[in-house]
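Coordinate analysis (summary)
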Amino acid sequence: MLSRISRAASRGPSSKVSHTVTGYRSRRGIVQPSGADRASVVDLPSTYKDESHFTPRADMLGFKLGMPQREESLKEKVRPIYLDMQATTPVDPRVLDAMLPYLTDQYGNPHSRTHAYGWEAEQAVEDARKHVADLIAADPKEIIFTSGATETNNMAIKGVARFHKEKKKHVITTQTEHKCVLDSCRKLGEEGFDITYLPVQTNGVISLEELEAAIRPDTSLVSIMTVNNETGVIQPIKEIGALLRKHRGIYFHTDAAQAVGKIPVDVNEMNVDIMSISGHKLYGPKGVGVAYVRRRPRVRLEPILNGGGQERGLRSGTLPTALAVGIGEAARIAKKEMAVSTVSSFVLDDDYARSPFHASCYPSDLPFIQLSSGNDFRAGRDRAHVDALSKRLIEGINANVEHVVRNGDVAGYPGCINLSFSYVEGESLLMALKDIALSSGSACTSASLEPSYVLRALGAAEDMAHSSLRFGLGRFTTEAEVDFVIQQIVRTVHRLREMSPLWEMVQEGIDINSIDWSQSHN
Amino acid sequence: MPPSRRAILSLYQSTLRTSKSFSSYNFRNYFIRRAKGTFRAIQAESDPARVQSLYSEAVQELTVLRRSAIVNQLYGGWRLAVEDQKPERFRSDN
């Protein structure tokens, strides 16, 4: 009985299908049915792994081990320690906490003026603007949110140059600028502008005399970065600003992406007209940056993005509320950490015994933060930490490895240390150091094996530019990590040098540069 | 009215405990270091008004820190190469 029913059931639909198909064929419809006869069979690729391909092992006793992807990677992976703070910094958990409400419940458009969703978002954005302005001693109205330092650099350089193109056709920059500044200048060069690329001295700092000599009556813009991203060299922005202020009608742009939040920056003291800031270099989120555009005297520039006229018409487009709040909070934290005077906090005075509570109530193992000698007290707690780590790293490597050269100015930002290890290839060193996330230069060029153009501009020889490593230290780097890095670097450099025939020759006292490598027959 | 010694110590204790609950190595160590620094500064402060303001600031920060620690526990947790690795465990034969 059952079998008969099932047979009938199985036969039933099929006959119906064939009937309808013939029905379709007889009547021409608009949509052609795609029947099974038109389908082609394609073999699955050999790499395809379906659930059903799972073969249980004997020791699983018939139980299938289901484990989420994340747990699996948690179990096995050892994460390398992060020492590439110039490429990007981790988002501070406090910054993320400030952002989260605007990624969840408070999703209003900050430009909506007709309802509470818009008002609360606008309030948050304006607060963030104020925090950023406070960090660089600017007015909140001079702060413009962009998508990052690259956009700001493009906006500043192209905008100012194009706005003044009738009268002025000259732009000055340096050879060690970031790629986006150099490329914007190249683009302007194609449009008929004259670009001067100033050389730098061997320590990476530009010379003021050369800058002054390069200024022409038709110079509209000078763009010089505050802190170099590869060498940590700090340019004398204050002196450059004072020099340019003497010449009327020259705008001064500085790319301070690597500087803000790390060294004290004051736009009025530095006489900067336009400044670029990036969110993800000061422990904020990626995808947001700030342009500081001076209002008095007013800087006029042609916007790249036209549209709704947001941000004083210089950068149209809806503001990303959460990202703006993120960079604002990051700026607030950076400012607060700078305000912590490392001296007064850690030197106990005579009133100590009379203070509201006693030393005995504290655990006795509280360490004092050790200050390095050359500490800039205006820069606060983060800086003191980075200074100490930097000193530790340099001393640790110097004590154990010879023939190491530090590229760039020694008085540069201590959180960016560019070292060249002679007779070792930088890329092979990077590959051998798999437990450390490092870079041999800027992240933008880390895909190519070309030596860094910044180091070449400093006058480094080809082999030294090839053997460079950049150590980026920051707020979240610990002493244990630095010690680990020293230990790994020392071991790897020694091992690689053991393999190197060049190193052997150096040990024998042969001067490498005197060797004629080409086999000339004469 | 400045906070009592007991109140400050209890706040210090909770701040430290919250800092230790971060699962990311770098954040955990930073916040522990920061908590120690902040409370050292309060300890060294003699002006009661300043102590009061530092104390209320630290209370504010603790609430932020608590939320941050929870988020970090949800998404963090890979072990870094410098940390103690968990001993590798094998399935026993029995």
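Keep in mind the model is a prediction, meaning the values are calculated, not measured. (Residues numbered from 1 in each chain as written. Chains lettered and ligands numbered in written order. Predicted model: local features only at pLDDT ≥ 70, side-chain atom pairs only at ≥ 80, totals over all residues. Heavy atoms only, no water.)

Things to note about the UniProt feature "domain: Aminotransferase class V" (unreviewed entry) in chain A
- The positions that UniProt labels "domain: Aminotransferase class V" (unreviewed entry) are, in the present scheme, residues 81–340 and 381–483 of chain A.
- With 37% helix and 14% strand, residues 81–340 of chain A has its two end C-alpha atoms placed 28 Å apart. (UniProt positions renumbered as here; feature names shortened; annotations may be inferred. Helix = DSSP H or I, 4+ residues; strand = E, 2+ residues; numbered from the N terminus.)

Here we look at the environment of A:Tyr283
All names here are of chain A.
- Assignment of secondary structure puts Tyr-283 in the loop between strand E8 (274–278) and strand E9 (289–293).
- Its relative accessible area of 7% is what places Tyr-283 among the buried residues.
- Put simply, Tyr-283 and Ala-480 are 197 residues apart on the chain and 21 Å apart in space, counted from C-alpha to C-alpha.
- Excluding its chain neighbours within four sequence positions, the residues that come into contact with Tyr-283 are Thr-89, Pro-90, Val-91, Asp-92, Val-95, Ala-330, Gly-474, Arg-475 and Phe-476.
- Within the structure, the side chain of Tyr-283 is placed 2.7 Å from the backbone nitrogen of Arg-475, a separation counted as a polar contact. (Buried < 20%, exposed > 50% of the residue type's maximum accessible area, 1.4 Å probe, protein only. Contact = heavy atoms within 4.5 Å. Polar contact = N/O pair within 3.5 Å; in protein donor to acceptor, adjacent residues only side chain to side chain.)

Examining the sheet that holds strand E11 (residues 416–421) of chain A
Residues and elements named next belong to chain A.
- The strand order E10-E11-E13 describes an open sheet built from 3 strands, whose pairing is antiparallel. Each of the sheet's edge strands pairs with one partner strand only, and the pair in question is strand E10 (404–407) and strand E13 (468–472). Each neighbouring strand pair of the sheet contributes to a mean axis angle of 30°, computed without reference to strand direction.
- Of the strand pairs in this sheet, E10 and E11 are connected by 4 bridges, and their pairing is antiparallel. Residue pairing for E11: Asn-407 is matched across the bridge by Asn-418.
- Along the sheet face, helix H12 (residues 380–400) touches E10, E11 and E13 and points at about 10° away from the line of E11. (Pairing = 2+ DSSP bridges. Axes fitted to C-alpha atoms, helices over the stretch in contact; angles between N-to-C directions.)

Brief notes about the packing of aromatic side chains
- Per the stated rule, a full pass over the model turns up 8 aromatic pairs over all chains.
- Arranged with centres 4.8 Å apart and planes meeting at 40°, the rings of B:Tyr12 and B:Phe39 form a pair that is tilted. One end of the pair, B:Tyr12, is in helix H1 (residues 5–20); the other, B:Phe39, is in helix H2 (residues 25–44), and 27 residues separate them in sequence.
- Assessed through its relative accessible area of 4%, B:Tyr12 is described here as buried.
- Judged by its relative accessible area of 1%, B:Phe39 falls in the buried class.
- Measuring from ring centre to ring centre gives 4.9 Å for B:Phe22 and B:Phe31, while their planes differ by 25°; the resulting arrangement is stacked.
- Here B:Phe22 falls in the buried class, since its relative accessible area comes to 2%.
- Following the ring pairs from residue to residue traces out a cluster consisting of A:Tyr283, A:Phe476, B:Phe22, B:Phe27, B:Tyr30 and B:Phe31.
- Directly above the ring of A:Phe193 sits A:Lys169, whose terminal nitrogen or CZ lies 4.9 Å from the centroid. (Phe/Tyr/Trp six-rings, centres within 6.5 Å; stacked < 30°, edge-to-face > 60°. Lys NZ or Arg CZ within 6 Å of the ring centre and 35° of its normal.)

Remarks on the pairing of E9(A)
All names here are of chain A.
- Counting buried residues in E9 gives 5 out of 5 residues, a clear majority hidden from the surface.
- With burial as the criterion, each face of E9 is covered, one bearing Gly-289, Ala-291 and Val-293 and the other bearing Val-290 and Tyr-292.
- Note: strand E3 (residues 143–146) against E9, 4 bridges, orientation antiparallel. Bridge pairing in E9 places Ile-143 opposite Tyr-292.
- As judged from the 5 bridges shared by E8 and E9, these two strands associate in the antiparallel manner.

Let's talk about the UniProt feature "domain: Complex 1 LYR protein" (unreviewed entry) in chain B
- As annotated in UniProt, the feature "domain: Complex 1 LYR protein" (unreviewed entry) corresponds to residues 6–63 of chain B in the numbering used here.
- With 88% helix and 0% strand, residues 6–63 of chain B has its two end C-alpha atoms placed 19 Å apart.

Side note on the pairing of strand E7 (residues 251–255) of chain A
Residues and elements named next belong to chain A.
- The buried count for E7 comes to 5 of 5 residues, which makes it a mostly enclosed element.
- Alternating positions in E7 separate into two faces, Tyr-251, His-253 and Asp-255 on one and Phe-252 and Thr-254 on the other, with burial throughout.
- In the sheet, strand E6 (residues 219–223) pairs with E7 via 3 bridges, with the strands oriented parallel. Its bridge partner being in E7, Ser-223 is matched across the sheet by His-253.
- The pairing of E7 with E8 spans 3 bridges and is parallel. When the sheet's bridge partners are listed, Thr-254 is paired in E8 with Met-275.

Concerning the pattern of salt bridges
- Per the counting criterion, the structure on display carries 32 salt bridges over all chains.
- Close ionic contact of A:Asp92 with A:Arg94 constitutes a salt bridge, the shortest N to O distance being 2.8 Å.
- We classify A:Arg94 as buried; its relative accessible area is 8%.
- Of the charged contacts in the structure, one is a salt bridge between B:Glu57 and A:Lys336, with a shortest N-O distance of 4.0 Å. Pair noted here: B:Glu57 is in helix H3 (residues 48–75) and A:Lys336 is in helix H10 (residues 321–339), and the two residues belong to different chains. (Salt bridge = Lys/Arg side-chain N within 4 Å of Asp/Glu carboxyl O.)

Overview of the state of the cysteines
All names here are of chain A.
- Per the stated rule, a full pass over the model turns up 0 disulfides over all chains.
- Here Cys-185 is not disulfide-linked; the sulfur of Cys-180 is the nearest cysteine sulfur, at 9.7 Å.
- The class for Cys-185 is buried, based on a relative accessible area of 0%. (Disulfide = S-S within 2.5 Å.)

Thoughts on the nonpolar core
All names here are of chain A.
- Judged by nonpolar contacts, the single largest core of 85 residues is most densely connected at Ile-136, Met-275, Ile-397, Phe-421, Phe-471 and Ile-489.
- A total of 8 residues in this core trace back to one element, the largest contributor, which is helix H16 (residues 479–499).
- In contact with Ile-489, other than residues within four places in its own chain, are Ile-397, Phe-421, Leu-433, Leu-438, Leu-469 and Phe-471.
- Membership of the second largest hydrophobic core comes to 21 residues, among which are Val-160, Leu-188, Ile-195 and Leu-314. (Core = buried A, V, L, I, M, F, W, Y, C linked by side-chain atoms within 4.5 Å.)

With respect to the sheet that holds E3(A)
Residues and elements named next belong to chain A.
- The mixed open sheet is built from 7 strands, whose spatial order is E3-E9-E8-E7-E6-E4-E5. Of all the strands in the sheet, just E3 and strand E5 (194–198) have a single pairing partner and so form its edges. Within the sheet, the average angular offset between the axes of one strand and its neighbour, ignoring direction, is 20°.
- By the bridge criterion, 5 bridges tie strand E4 (residues 170–174) to E5 in an arrangement that is parallel. If you follow Thr-173 over to E5, its bridge partner there is Tyr-197.
- Packing against the sheet, helix H5 (residues 149–163) makes contact with E3, E4, E6, E7, E8 and E9, and its axis sits at approximately 165° to E8.
- Those strands touched by helix H6 (residues 179–190) are E4, E5, E6 and E7, and its axis lies near 150° from that of E5.

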